[in-house]
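# Structural characterization, general
So you can see what is in the structure, the chains are spelled out below.
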Amino acid sequence: MSDVAVDEMKVRRVAGTGVPLRGDDIDTDQIIPARFLKTTTWEGLDEYAFYDARRDDDGNLNDHPFNEYKGANVLVVNDNFGCGSSREHAPRALARWGVEAIVGESFAEIFADNCKSLGIPAATADPETVEELQNFVESNPGAGIELDVADEQVTYDAKTVDVDIDEAMRGALVQGIWDTVALLRSNMDAIDETAADLPYVDSR
């Protein structure tokens, strides 16, 4: 893979504003209800992110954070976020909505791995740190937040707190090797050359 391509894929920091989403065990069916999984592309998934939770019984938009904090890109969640079925549509919907990083108490393992595959860092912190960050965002919805992926820190309100990012995720993001499909495509010449030397690969 060229150095330019790798540099473009490196995720060393994410800066923007926050969206606080309170509640433990928010599963992938809440993130995107199963009836919206029929799409064969990822286009339009932002519309379905928290589709049911964002509406009242009459179908009108309510005060859900995804209605109130449009334009934010740092999602702040609580414990066991992304649990339930291992649908890739969940982080895809969040990404289409605008989420570029997530800070929370903990994440379901498969959900976190799917986030890594999309270049979305999922950082963990203790409950007190998360609550303080959620409180800050609610009181200061337009204030800046920065997640330093390389140094595993979040900076907001002129202070910096430590967070944890799984080493495999952090390494892939910082080095720019999180998108395995892009890595393969960028190395097609080398792949074709190797394949040509293998007696069991038919190049016709």
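Residues numbered from 1 in each chain as written. Predicted model: local features only at pLDDT ≥ 70, side-chain atom pairs only at ≥ 80, totals over all residues. Heavy atoms only, no water.

### Observations concerning the environment of Asn78
Here Asn78 is to be found in the loop between strand 3 (74-76) and helix 4 (89-97). When its relative accessible area of 9% is taken as the criterion, Asn78 is described as buried. Note: C-alpha distance between Asn78 and Asp25 (53 residues apart in sequence) is 8.0 Å. Apart from the residues lying within four places of it in its own chain, the contact partners of Asn78 are Leu21, Arg22, Gly23, Asp24, Gly104, Glu105, Ser106, Val130 and Gln134. Among the polar contacts made by the side chain of Asn78, one reaches the main-chain amide nitrogen of Gly23 at a distance of 2.8 Å. Reaching out from Asn78, the side chain makes a polar contact with the side chain of Glu105 at a distance of 2.9 Å. (Helix = DSSP H or I, 4+ residues; strand = E, 2+ residues; numbered from the N terminus. Buried < 20%, exposed > 50% of the residue type's maximum accessible area, 1.4 Å probe, protein only. Contact = heavy atoms within 4.5 Å. Polar contact = N/O pair within 3.5 Å; in protein donor to acceptor, adjacent residues only side chain to side chain.)

### Comments concerning the packing of aromatic side chains
For the structure shown, the criterion picks out eight aromatic pairs. Between the aromatic rings of Tyr48 and Tyr51, the centroid separation amounts to 6.2 Å while the plane-to-plane angle is 55°, which identifies the pairing as tilted. Classification of Tyr48 by relative accessible area gives partly exposed; the value is 23%. Summarising the aromatic geometry, the rings of Phe107 and Phe111 are spaced 6.5 Å apart at their centres and angled 15° between planes, so their arrangement reads as stacked. (Phe/Tyr/Trp six-rings, centres within 6.5 Å; stacked < 30°, edge-to-face > 60°.)

### As for the packing of helix 4 against helix 5 (residues 109-117)
Where helix 4 meets helix 5, the axes come as close as 9 Å, and the angle between the chain directions of the two elements is 50°. With respect to helix 5, the axis of helix 4 lies oblique. Here the hand of the crossing between helix 4 and helix 5 comes out right-handed. Residue-level inspection shows Ala90, Pro91 and Leu94 of helix 4 in contact with helix 5, the latter providing Phe111, Asn114 and Cys115. A per-class count over the contact of helix 4 with helix 5 returns five nonpolar, one polar and no charged. (Axes fitted to C-alpha atoms, helices over the stretch in contact; angles between N-to-C directions. Parallel < 35°, antiparallel > 145°, perpendicular 65-115°, else oblique. Left-handed = near helix turned anticlockwise from the far one by under 90°. Nonpolar A, V, L, I, M, F, W, Y, C, P; charged D, E, K, R; others polar.)

### Details of the nonpolar core
Formed by 56 residues in total, the largest nonpolar core has its most connected members in Phe66, Leu75, Phe81, Leu94, Ile102, Phe111 and Val154. Dropping the residues within four chain positions of it, Phe111 is found in contact with Ile31, Phe81, Gly82, Ala90, Pro91, Leu94 and Ile102. (Core = buried A, V, L, I, M, F, W, Y, C linked by side-chain atoms within 4.5 Å.)

### Looking at the pairing of strand 8 (residues 159-162)
By the bridge criterion, four bridges tie strand 7 (residues 153-156) to strand 8 in an arrangement that is antiparallel. When the sheet's bridge partners are listed, Gln153 is paired in strand 8 with Asp162. Adjacent in sequence and paired antiparallel, strand 7 and strand 8 are bridged by two residues, among which Asp157 carries a positive phi angle near 50°. (Pairing = 2+ DSSP bridges.)

### Comments concerning the environment of Val74
Counting through the fold element by element, Val74 comes out in strand 3. For the pair Val74 and Gly18, spaced 56 residues apart in sequence, the C-alpha separation works out to 4.6 Å. Excluding residues that lie within four positions of it along the chain, Val74 makes contacts with Val14, Thr17, Gly18, Val19, Ala101, Val103 and Ile145.

### With respect to the sheet that holds strand 2 (residues 18-20)
Each strand in a sheet pairs with its neighbour through backbone hydrogen bonds, running either in the same direction (parallel) or in the opposite one (antiparallel). Here four strands make up an open sheet; going across it, the order is 2-3-4-5 and the pairing parallel. Each of the sheet's edge strands pairs with one partner strand only, and the pair in question is strand 2 and strand 5 (122-124). Pairs of neighbouring strands in the sheet enclose a mean axial angle of 20°, with direction left out of account. Here three bridges tie strand 2 to strand 3, and the two strands are oriented parallel to one another. Bridge assignment links Gly18 to a residue of strand 3, and that residue is Val74. The strands that helix 6 (residues 127-139) touches are strand 2, strand 3 and strand 4 (101-104); relative to strand 2, the one it contacts most, it runs at about 110°.

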